[in-house]
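Below are the chains, spelled out letter by letter.
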Amino acid sequence: HDWPLTGEFGLDGHALGFISAYVAPIDRASGRVTAQLTLAGTLAAPRLGGALRLVNAQLDAYQINLSLREVNFTARLADDTLTLEGSALAGPDGRASVSGELRWQRGLPYGDLHLVGSDLRVLNIPEARVDASPDVALHMAGRRIDLKGAVTLPYARIEPANLAKAVLASGDETLVGDAPTPPEEQIKVFSDITLVLGDRVTVNTQGLSGRLSGSITVNSDDSGINRGSGELKVEEGKYLAYGR
């Protein structure tokens, strides 16, 4: 176990198609990936270091019609600390960046990530088109994740489909899947997020059409209950019912 380890690993290629096989929401991926990793330490305590880079990548998620362009991402590993930094374009004018640092203790992650974006086209389907400008901080402490920050919607057009004639699942339907995760191994998420509606958020559903404004703060904990406070208003609204 005291034998020393030395080694190097290099990678440079454009074969990113495998990502869609491991990340279900992504349907297509392209770009360049480079890596230069080193191996040191001993057989009992190996140490990895180096960097992994994603250069000018493109990611497409067809289900929500989301396209990320000019994705540039760097992950640097030194001992037990991983430093992350990246940026991407989403939509005609959207930009996003992420940065942070994670370290591992007893196999669990600890650290902070910060996501900032402006005019990101996060949803683009017939029922909804939504642009978001997030400023969110994520703190990880083992199996606990804390989310804090604000998400502004500068533009959104919401027109839900008419589901009056939708066919519901049978009452005797049984879903079979993996065994549930034991409570002591579950990841607990605590959030404190403020949603702010911009000047171009409109809704058209069930006879109601108009512009929405206001803000709401949503808190959640490990109980599974979401609590909201704030005020949402309908501006310049019209309501049509029974032909009136």
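Here the residue numbering is sequential within each chain, running from 1 through the sequence in written order. Only residues with pLDDT of at least 70 are given local features in this predicted model, and only at 80 or more are side-chain atom pairs given and counted; all residues enter the totals for whole chains, interfaces and linings. To obtain the side-chain values, all non-hydrogen atoms of the structure were included, while hydrogens and water were left out.

Enquirer: How would you summarise the overall build of the chain if you had to cite specific residues and measurements?
Expert: Broken down by element type, the chain carries one helix and 13 strands. Ordered by position from the N terminus, the helices and strands of the chain form the series β-α-β-β-β-β-β-β-β-β-β-β-β-β. Its C-alpha atoms give the chain a radius of gyration of 23 Å, more than 25% over the compact-globule value 18 Å for 244 residues. In terms of its C-alpha atoms, the chain occupies a principal-axis envelope of roughly 85 × 40 × 35 Å. Put simply, the chain has 244 residues, and 26% of those count as buried. Helix and strand labels come from DSSP, where a helix needs a run of H or I of at least four residues and a strand needs a run of E of at least two; each type is numbered from the N terminus. The globule rule is 2.2 Å times the number of residues to the power 0.38, and the radius of gyration it is compared with is taken over C-alpha atoms. Exposure is judged per residue with a 1.4 Å probe applied to protein chains only, and the accessible area is read against the type maximum: over 50% gives exposed, under 20% gives buried, and values in between give partly exposed.

Enquirer: Give a description of the side chain of D146 that names residues and reports values.
Expert: Secondary-structure assignment places D146 in strand β10 (residues 144-158). Leave out the neighbours within four places in its chain, and D146 touches A137, L138, H139 and F190. A contact between two residues is defined here by any heavy atoms of the two lying within 4.5 Å.

Enquirer: How would you sum up a nonpolar patch on the surface? Please name residues and give values.
Expert: A contiguous nonpolar surface patch, about 370 Å² in accessible area, is contributed by F18, Y22 and V23. Structurally, Y22 can be placed in helix α1 (residues 19-22). Put simply, a patch holds well-exposed residues, over 30% relative accessible area, that have no salt bridge, with like charges counted together within 9 Å and Val, Leu, Ile, Met, Phe, Trp or Tyr side chains within 5 Å. Accessible areas in this description were obtained via Shrake-Rupley with a 1.4 Å probe; residue shielding takes into account the shown protein chains only. Criterion for a salt bridge: a side-chain nitrogen of Lys or Arg within 4 Å of a carboxyl oxygen of Asp or Glu.

Enquirer: Tell me what's going on with the environment of S223, and back it up with residues and numbers.
Expert: Structurally, the position occupied by S223 is in the loop between β12 (208-220) and β13 (226-239). S223 sits in the partly exposed class, given a relative accessible area of 43%. Linking S223 and V189, residues 34 residues apart in sequence, is a C-alpha distance of 9.6 Å. Among the polar contacts listed, one links the side chain of S223 to the backbone nitrogen of I225, at a separation of 3.4 Å. Contacts described as polar in this section are N or O atom pairs within 3.5 Å, which, within protein, must combine one atom able to donate a hydrogen with one able to accept it, while residues neighboring in sequence count only if both atoms come from side chains.

Enquirer: Before we move on, can you summarise the side chain of S213 with the specific residues and values?
Expert: On the secondary structure map, S213 appears in strand β12. Look at S213 and you get buried, because its relative accessible area is 12%. A polar contact is formed between the side chain of S213 and the side chain of E235, at a distance of 3.0 Å. Excluding anything up to four places from it in sequence, S213 contacts L197, E231, L232, K233 and E235.

Enquirer: A description of the pairing of strand β6 (residues 94-105) should follow, citing residues and the corresponding values.
Expert: Here strand β5 (residues 81-90) pairs with β6 via 10 bridges, running antiparallel. When the bridges of β6 are listed, T81 appears paired with R103. What sits between β5 and β6 in their antiparallel hairpin is a turn of three residues, with G91 showing a positive phi close to 85 degrees. With 11 bridges connecting them, β6 and strand β7 (residues 108-118) associate as antiparallel partners. A pair of strands is considered paired only if DSSP assigns at least 2 bridges between the two.

Enquirer: Describe in detail the pattern of salt bridges, supporting the description with residues and values.
Expert: Under the criterion given, the structure shown has 10 salt bridges. Among the salt bridges present, the one from R144 reaches D146, with a minimum N-O distance of 2.9 Å. Since its relative accessible area comes to 18%, D146 is described here as buried. D222 is the salt-bridge partner of K188, the closest N and O atoms lying 3.9 Å from each other. Of the two residues, K188 sits in strand β11 (residues 188-205) while D222 sits in the loop between β12 and β13, which places them 34 residues apart along the sequence.

Enquirer: Explain the pairing of β11 to me, using residue names and the numbers behind them.
Expert: Sheet analysis places β10 next to β11, joined by 14 bridges and oriented parallel. Looking at β11, one finds that G149 is bridged to I193. Bridge count between β11 and β12: 11 bridges; the pairing is antiparallel. The residue bridging T194 from the neighbouring strand is T217, located in β12. Linking β11 to β12, which pair antiparallel, is a turn of two residues; within it Q206 sits at a positive phi near 50 degrees.

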